[in-house]
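Take a look at the letters that make up each chain.
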4 protein chains.
Amino acid sequence: MARIQYAERAMPLMSGLRRRFVSERPFDGLSIAACLHVTAETAVLVRSLRAGGARVSLAASNPLSTQDDIAQALQSDGIDVHARAGVDRKTYYQHIAAALNDGADLIVDDGGDLVSTVHTTGKPGVRGGCESTTTGVIRLRRMAADGALAFPMIAANDTPAKRMLDNVCGTGQSVIDGILRATNTLLAGKTVVIAGFGACGAGIAARAAGLGSRVIVTEVDPVRALDASLRGFPVLPMAEAAPVGEVFISATGSVDVIGAEHVAVMRDGAILANAGHFDAEIDVRALETAAVAVHSDARPHVDAYELADGRRLLLLAEGRVVNLVAAEGHPPEVMDLAFGILALSLAWLATNAGKLCADVHPVPPELDAEAAGLTLAAMGVRIDTLTEAQREYLDSWRIGS
Amino acid sequence: MARIQYAERAMPLMSGLRRRFVSERPFDGLSIAACLHVTAETAVLVRSLRAGGARVSLAASNPLSTQDDIAQALQSDGIDVHARAGVDRKTYYQHIAAALNDGADLIVDDGGDLVSTVHTTGKPGVRGGCESTTTGVIRLRRMAADGALAFPMIAANDTPAKRMLDNVCGTGQSVIDGILRATNTLLAGKTVVIAGFGACGAGIAARAAGLGSRVIVTEVDPVRALDASLRGFPVLPMAEAAPVGEVFISATGSVDVIGAEHVAVMRDGAILANAGHFDAEIDVRALETAAVAVHSDARPHVDAYELADGRRLLLLAEGRVVNLVAAEGHPPEVMDLAFGILALSLAWLATNAGKLCADVHPVPPELDAEAAGLTLAAMGVRIDTLTEAQREYLDSWRIGS
Amino acid sequence: MARIQYAERAMPLMSGLRRRFVSERPFDGLSIAACLHVTAETAVLVRSLRAGGARVSLAASNPLSTQDDIAQALQSDGIDVHARAGVDRKTYYQHIAAALNDGADLIVDDGGDLVSTVHTTGKPGVRGGCESTTTGVIRLRRMAADGALAFPMIAANDTPAKRMLDNVCGTGQSVIDGILRATNTLLAGKTVVIAGFGACGAGIAARAAGLGSRVIVTEVDPVRALDASLRGFPVLPMAEAAPVGEVFISATGSVDVIGAEHVAVMRDGAILANAGHFDAEIDVRALETAAVAVHSDARPHVDAYELADGRRLLLLAEGRVVNLVAAEGHPPEVMDLAFGILALSLAWLATNAGKLCADVHPVPPELDAEAAGLTLAAMGVRIDTLTEAQREYLDSWRIGS
Amino acid sequence: MARIQYAERAMPLMSGLRRRFVSERPFDGLSIAACLHVTAETAVLVRSLRAGGARVSLAASNPLSTQDDIAQALQSDGIDVHARAGVDRKTYYQHIAAALNDGADLIVDDGGDLVSTVHTTGKPGVRGGCESTTTGVIRLRRMAADGALAFPMIAANDTPAKRMLDNVCGTGQSVIDGILRATNTLLAGKTVVIAGFGACGAGIAARAAGLGSRVIVTEVDPVRALDASLRGFPVLPMAEAAPVGEVFISATGSVDVIGAEHVAVMRDGAILANAGHFDAEIDVRALETAAVAVHSDARPHVDAYELADGRRLLLLAEGRVVNLVAAEGHPPEVMDLAFGILALSLAWLATNAGKLCADVHPVPPELDAEAAGLTLAAMGVRIDTLTEAQREYLDSWRIGS
């Protein structure tokens, strides 16, 4: 199918892994149940697992994102797919249960519904799995803390390499992209206030500065605030940033970072965008309360809140995550690394699951390094390797003289 | 009309000028004939001129770009509009001639058709005007060299302030914007080859680097190549850049900068985009000749040229100017400054046209400074002014001790 | 004493802490034995501890660095100082033992000699301490692994805030500073090869790029190599970087990163500098072997190795750490934070040492945050604090919905 | 002589020119009189001219800068040198006159004293020459305006390539270098106020930002202020920048840019440095008036002005140009290009002087391009050349379709 092939060309790490899996067959004789968004990128992942010898069954992690033609293509490819766009809640869970029918050895989850179903329906054979979202990992940690987790799960949502590629670069770029698509505003010379200087905020800040913006950072964490300061960004309380900013971007994971007291002092024409997962960071109700009118006809994804004094504040994407709503979310390179880490983790679990306790485990650093190395190879970048003498020197130094 | 009002809000320099023109009335008693794209931004310009006392007549500089509702709104506003979308060539020139019927004192041209019509139809009263495009200025220079230009024209297409805002910032941003909208590729870590390091190329380079790309520059001019080198960009001949680049952007004003010999050695998946005015910079015919198939169904504005060896090269926007085709061209801030310079030049001509010879003149530097100052004011930026003592010091120093 | 006062002015975090210690008296009734370089900065630290109520005794951690006038000033200030420049090894250890004579409750060590003396001489009362160097922490970890460590020690050499200020900013700047002082070379347009992209290498790279250099990175670690790539730096094997580099900077912690095979292909005039702790990173013997003459008279800290083919390679600081030899090492801001973390850790230990096991412990994150906050305050930077509602939101989210 | 050889190795452009001059002999049969600082770099220039066939006589442009050993080395090399360190004013002018004794065909001046002597002593044979300083060019322009200039002079002080290499890169780097050598302050996180955003100020700003500073710009010129804004630098009046800055750098060419009213509100510990040619930019008398004491013993080139309220402001280099006083001024790469442009201009004059009127002429752009090209070649950078078809396209486009 054309769209899957296109995704495959944009995912060179996964393509390389597939070739490797074909020869190494890490999943021979194993069943893998996956609960994921049924998209072209997922199709690439699933086919790689199958190429590695796995029997794969797939359920949707969200019925709204299921692309039925992809589901069909996978089905006709021999994957056991249980997914259809727009099904109701009951069918959704039936699909997940069905994916487990063959007896899964390993599982891949996106949010925790598959793990939860495994535990409630009592499928006994699962040896371990991977969870790919932060939300799912939080659920797993609660289960583990309650002693309820029956097998080891790898938290594949966060590794050093993924944090750089995904948060710093992927989110960094796509948030800017979303703001430009929504407004076509010139960022050069604009004062851009970024709330939150975690990996996402730092990525957005670097990119806004690279486009000529004057970046101001707000933070509640002193270490992150120091980091921003040492990179040359002024750090201010939001109350002082609010009257000078021209573009506001929230990336905090917190709530009401931009609230009524800030709305009250913002400049006419200020642009408000949220880059956080939830739409809680900008207090939209405060905007609604303050506004005498809302003009939504100028451009898609732009609502101009007209205030009593004539100022207009431009809220993008209704305060929802701007890179997904107004742009296209992750560039394919991000999915390539994320699924590469998933696939490597599954292959590692195929051998090592039995040695792990029933807990949430990080991705082993050597797998992250391997995924980074494969990404570099896909980029055409070659690096040095330690000589024997260097390895000895480093080891002896670590041990002590 | 809502769209004109929206444009007005996005053009604070023009809004300020309008308020000033209302009180200063620089055009009292004068007729101005303008030949421009009939868009919301032009409406803002034309209404400012009228607010300054001018009788204004407007013809379209291109029938394809005429927005009829804007034309109507202006007409009902008392502007004498001669423009309709899609008219034929004959009507097009009739419209231009009609705009001159009232006897223009000053003119505004976009490309040279209005000036040419003035000279061929022998309208006698024109005291001077402004040309806003590079192409138009070239035509005017030829006319002046031939002794055929009957009145002074100001070349308002290029000033130091406009070059920064338009070429470095406007084109720099919108070209990146166009590439992201077309491909959603991750620029971080990508090798981006920029052909041409003029103001546009330098602007694109700074922005690509700001997004994490490794930028390589190609040039034919040693001073520009030295400039690129001293900013840390490697400069290579295109023959050496071709096999390492992942994104190619031409901004040279030249022809066949990317040709068959480069296509032959490019990497699979390389993206080719043109930022130059004409679609001559990438030799599309060389691509067509080399290709065994062209796949255009993956994404809009992306044609994947499949070569005999299996590589695919992704040509954006058919080699036409990528920021206009795949993004939205100039951000409004650029039009604000460009029309501000036009309006200030016209007001200056109203007083000074009689002192100028019939030639092509640059925008007086003090007008560029004034436009820059108004832009700064609109941005909320305040600057210092020389004290009397400083002015004396600088003057004495220039004169000598 | 003037020099101590000057240091105090340059260490606002420590000055603030001192004022706080005066009112809070965290060390009332406690003895602290410190083994540190006897410099003006150390004097500031020691006086702050004393201001907090401690009896302090001080020995030198290296007799070569002892500044006798500082020692005297502290002595006359009531500090019990056992240090004199240039003493022999036996006296050195006698000094350390003497510092313990009063019966130390807490200790501060720099390299491990004080801890080692405590353990061999059997001083029983020590409740805990801080080690400020990486080397010392390695010794401590070995002791802990052998079960030989008798009390808790805090590894104060490395925290997130210190890594940024010290490695990224401090080393980043001072290495560039050392190269400029040694050579006065223009970095703009130069190809600078940085071996190692840890915090130090990344800091040097950012600064070299900021001065207009074209930076190339070499690495053995794929995650760090990916990091460098995603920031736009080309990553190459050293064998390929060697013939194109004009300035080479090693920051790897490894050995023979620049060796005979690289010397063989380097450009005439190439500059070689080491930023690593040990002088093992550049294989100086390989240079000596390859050279037909060494010219050392042109500039201090520059040895021009003339090779048989006429090329000259310029080795800086004999391959020793260039920022210490050719510049002044850490800017005072770095010492301010480092000693601030030490002082806060000691104050925390005064209360909490009893709760810790006899092992090597990291600095508690809240102390690092506190030090970062004090640094921000000294810089005049203010940040936001979480509202009650935000704190609840974040807590609830962490717990789960 | 060793020092001249060292300079020659650091000036690859000049070395290349010398080889060319040896084969092309552009100065065969001509006498050149030069009035320049007698340094190793000048020796390289003078020997290149001589290698091109010229008889060269050299006088000092300032007796304080004459290095007698260099003078002797040149003398014994067959150059006719009239210079000795420390001579009085009368001898100084006698030396200049003596340099003209042989009958100069071409001259090289540094400040205008040689040209002035030529005109007052009535040496008739001079066909033209080059002036290498801005001050000298101003004197020449006055002479030309008065009709007093008897032959053509080329203003070799300023070309596009030299402005980049000299002002942006050379001054940019060496000013930062001077501040670091004087203070060892950490620039990361510091607020650096740069007065003046010409080529020097822009170069300093880029480098300070590259080292992690937060840069603020002050300007009186709106176009330059807009330039700074569009690069993301906040632009403020000095009155508002004064209380927030931690490092102040003046690069305006004006007077009293930092005055009593700013001193009154500056932060304790603020560093004041001047990068302008004259020591008039910081009002040192205002500092002296405000101070109750001046402490100069902490570090060389640092005077701490203690104010009545206890604040101390640190004036570097007594307000004189900081990169010359506290660092080493131009990196050798700058002198290489500057003297390369001089040498190429002289060679061009040897052929073309007769075609020029007696006026001040800019360096012909093709010579600047040639010097840039030679610099690129010395850097190892290769660029593209226009194909025949491209040249035709560009020509036709310029002429019009």
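Anything mentioned here points back to the structure above.
Here the structure is a predicted model, which is why all the values come from computation and not from measurement.

Definitions and cut-offs
- Residues numbered from 1 in each chain as written.
- Chains lettered and ligands numbered in written order.
- Predicted model: local features only at pLDDT ≥ 70, side-chain atom pairs only at ≥ 80, totals over all residues.
- Heavy atoms only, no water.
- Contact = heavy atoms within 4.5 Å.
- Buried area = accessible area lost by both parts, 1.4 Å probe.
- Salt bridge = Lys/Arg side-chain N within 4 Å of Asp/Glu carboxyl O.
- Polar contact = N/O pair within 3.5 Å; in protein donor to acceptor, adjacent residues only side chain to side chain.
- Helix = DSSP H or I, 4+ residues; strand = E, 2+ residues; numbered from the N terminus.
- Nonpolar A, V, L, I, M, F, W, Y, C, P; charged D, E, K, R; others polar.
- Axes fitted to C-alpha atoms, helices over the stretch in contact; angles between N-to-C directions.
- Parallel < 35°, antiparallel > 145°, perpendicular 65-115°, else oblique.
- Buried < 20%, exposed > 50% of the residue type's maximum accessible area, 1.4 Å probe, protein only.
- Core = buried A, V, L, I, M, F, W, Y, C linked by side-chain atoms within 4.5 Å.
- Least-squares fit on C-alpha atoms with pLDDT ≥ 70 in both.
- Phe/Tyr/Trp six-rings, centres within 6.5 Å; stacked < 30°, edge-to-face > 60°.
- Left-handed = near helix turned anticlockwise from the far one by under 90°.
- Pairing = 2+ DSSP bridges.
- Expected span 1.5 Å × (residues − 1).

Novice: Explain the interface of chain A and chain C to me, using residue names and the numbers behind them.
Specialist: Counting residues at the interface gives 54 residues for chain A and 54 residues for chain C. Counting the surface lost from both chain A and chain C, the interface buries some 4,300 Å², and carbon and sulfur atoms represent 68% of this. Scanning the region where chain A abuts chain C turns up two salt bridges. Between A:Arg382 and C:Glu240 there is a salt bridge whose closest N-O contact spans 2.7 Å. Our enumeration of links across chain A and chain C arrives at eight residue pairs in polar contact (both at pLDDT 80 or more). Counting only elements with at least two residues in the side of chain A that touches chain C, the list comes to α7 (134-145), α8 (160-183), α10 (222-230), α11 (238-241), α16 (365-379) and α17 (388-399) of chain A. Residues that form the side of chain A that touches chain C fall into these classes: 32 nonpolar, eleven polar and eleven charged.

Novice: How would you explain the packing of helix α1 (residues 2-9) of chain D against helix α3 (residues 40-51) of chain D if you had to name every residue and give the values?
Specialist: Residues and elements named next belong to chain D. Interhelical geometry of α1 versus α3 gives an angle of 75° and a closest axis separation of 8 Å. By the angle between their axes, α1 is roughly perpendicular relative to α3. Counting all contacts with α1, which are made through Arg-3, Ile-4, Ala-7 and Glu-8, the residues of α3 involved are Ala-40, Glu-41, Ala-43, Val-44 and Arg-47.

Novice: So what's going on with the pattern of salt bridges? Which residues, and what values?
Specialist: Pairing is possible between side chains that carry opposite charge, provided their charged atoms lie close to one another. Under the definition given, this model contains 80 salt bridges over all chains. Close ionic contact of C:Arg311 with C:Asp309 constitutes a salt bridge, the shortest N to O distance being 2.8 Å. Its relative accessible area of 52% is what places C:Asp309 among the exposed residues. Each of the salt bridges in this network shares a partner with another, and the network as a whole consists of A:Asp177, A:Arg181, A:Glu328 and B:Arg299.

Novice: So what's going on with the nonpolar core? Residues and values would help.
Specialist: Core analysis: the biggest nonpolar cluster contains 97 residues, and B:Ile249, D:Phe27 and D:Leu58 have the highest contact counts within it. Looking at which element gives the most residues to this core, the answer is helix α15 (residues 332-352) of chain D, with twelve residues.

Novice: Tell me about the relation of the copies chain A and chain C, and name the residues and values.
Specialist: Take chain A, turn it by 180°, move it 0.0 Å along the axis, and it overlays chain C with an RMSD of 0.0 Å. What we have between these two chains is a two-fold relation. Comparing interface residues between copies, 100% of those in chain A also sit at the interface in chain C, which points to an isologous, same-surface contact.

Novice: Can you tell me about the packing of aromatic side chains, naming the residues and giving the values?
Specialist: Applying the stated criterion across every chain yields a total of twelve aromatic pairs over all chains. Geometrically, the ring pair formed by D:Phe21 and D:Phe27 is edge-to-face, given 5.4 Å between the ring centres and 85° between the ring planes.

Novice: Give me the packing of helix α10 (residues 222-230) of chain B against helix α16 (residues 365-379) of chain D: which residues, what numbers.
Specialist: At their nearest, the axes of α10(B) and α16(D) sit 8 Å apart, and the two run at 45° to each other. On the basis of the axis angle, α10(B) is oblique to α16(D). When you trace α10(B) past α16(D), the crossing you get is left-handed. For the pair α10(B) and α16(D), the contacting residues are B:Pro222, B:Val223, B:Ala225, B:Leu226 and B:Ser229 in the first and D:Asp368, D:Ala369, D:Ala372, D:Gly373, D:Thr375, D:Leu376 and D:Met379 in the second. Residue classes in the contact of α10(B) with α16(D) are distributed as eight nonpolar, three polar and one charged.

Novice: Could you give me a rundown of the interface of chain C and chain B, with the residues and numbers involved?
Specialist: At the junction of the two partners, chain C supplies ten residues and chain B supplies ten residues. Buried area between chain C and chain B, both sides added, is near 710 Å², and the carbon and sulfur share of it is 62%. The largest contributions to the chain C side of the interface with chain B come from C:Arg214, C:Leu230 and C:Gly232, which together make up 49% of the buried area. Put simply, chain C and chain B have two residue pairs in polar contact (both at pLDDT 80 or more) between them. Looking at the side of chain C that touches chain B residue by residue, the class counts come to three nonpolar, five polar and two charged.

Novice: Mind laying out the sheet that holds strand β6 (residues 153-155) of chain C, listing which residues take part and the relevant values?
Specialist: Whenever strands of a sheet pair, they do so through backbone hydrogen bonds, lying parallel or antiparallel. Residue and element names in this part refer to chain C. Strand order across the open sheet formed by seven strands is β3-β2-β1-β4-β5-β6-β14, with parallel pairing between neighbours. Strands at the two margins of the open sheet, each flanked by one partner only, are β3 (80-82) and β14 (360-362). Within the sheet, the average angular offset between the axes of one strand and its neighbour, ignoring direction, is 20°. Sheet topology places strand β5 (residues 128-131) next to β6; three bridges connect them, and they run parallel.

Novice: Explain helix α7 (residues 134-145) of chain C to me, using residue names and the numbers behind them.
Specialist: Residue and element names in this part refer to chain C. Given a rise of 1.5 Å per residue, twelve residues ought to cover 16 Å, and the 16 Å separating the end C-alpha atoms of α7 matches this to within 8%. Looking only at α7, the buried set comprises Gly-136, Val-137, Ile-138, Leu-140 and Met-143. Capping the start of α7, Thr-133 holds a side-chain oxygen 2.9 Å from the backbone nitrogen of Gly-136, two or three residues further along. Gly-147, located one to two residues past α7, shows a positive phi value of around 70°.

Novice: Residues and numbers for the relation of the copies chain C and chain B, please.
Specialist: Once turned by 180° and shifted 0.0 Å along the axis, chain C lies on chain B with an RMSD of 0.0 Å. Both copies share a contact surface, since 100% of the interface residues of chain C are interface residues in chain B too.

Novice: Provide a residue-level description of the sheet that holds strand β6 (residues 153-155) of chain D, including the pertinent values.
Specialist: All names here are of chain D. Ordered by their spatial adjacency, seven strands build an open sheet running β3-β2-β1-β4-β5-β6-β14, and the pairing between neighbours is parallel. Looking at the sheet topology across the chains shown, the edges are occupied by β3 (80-82) and β14 (360-362). Across this sheet, the average inter-strand angle for adjacent strands is 20°, counted without regard to direction. Here three bridges tie strand β1 (residues 31-36) to strand β4 (residues 106-109), and the two strands are oriented parallel to one another. Following the sheet pairing, Ile-32 is matched in β4 by Leu-106.

Novice: Describe the pairing of strand β13 (residues 312-316) of chain B, listing the residues and the values that go with them.
Specialist: Residue and element names in this part refer to chain B. A large share of β13 lies buried, amounting to five of its five residues. Of the two faces of β13, the one holding Arg-312, Leu-314 and Leu-316 and the one holding Leu-313 and Leu-315 are both buried throughout. As defined by bridge partners, strand β10 (residues 271-274) adjoins β13 across two bridges and the pair is classed as parallel. For Ile-271, the partnering residue across the bridge sits in β13 and is Leu-314. Bridge count between strand β12 (residues 302-307) and β13: five bridges; the pairing is antiparallel. Across the sheet, Asp-303 pairs through a bridge with Leu-315, a residue of β13.

Novice: Residues and numbers for the side chain of A:Ser229, please.
Specialist: Secondary-structure assignment places A:Ser229 in helix α10. The residues touching A:Ser229, leaving out its near neighbours within four places in the chain, are A:Val235, C:Leu376, C:Met379, C:Val381, D:Gly189 and D:Gly212.

Novice: Describe in detail the environment of C:Asp109, supporting the description with residues and values.
Specialist: All names here are of chain C. Assignment of secondary structure puts Asp-109 in strand β4 (residues 106-109). Look at Asp-109 and you get buried, because its relative accessible area is 0%. Separated by 73 residues in the primary sequence, Asp-109 and Leu-36 have C-alpha atoms spaced 6.5 Å apart.

Novice: Outline helix α15 (residues 332-352) of chain A, listing residues and values.
Specialist: If you check α15(A), its first and last C-alpha atoms are 30 Å apart, about what 21 residues at 1.5 Å a residue would give, namely 30 Å. Counted residue by residue, α15(A) has 18 buried out of 21 residues, so it is predominantly covered.

Keep in mind these numbers describe shape, not what the thing actually does.
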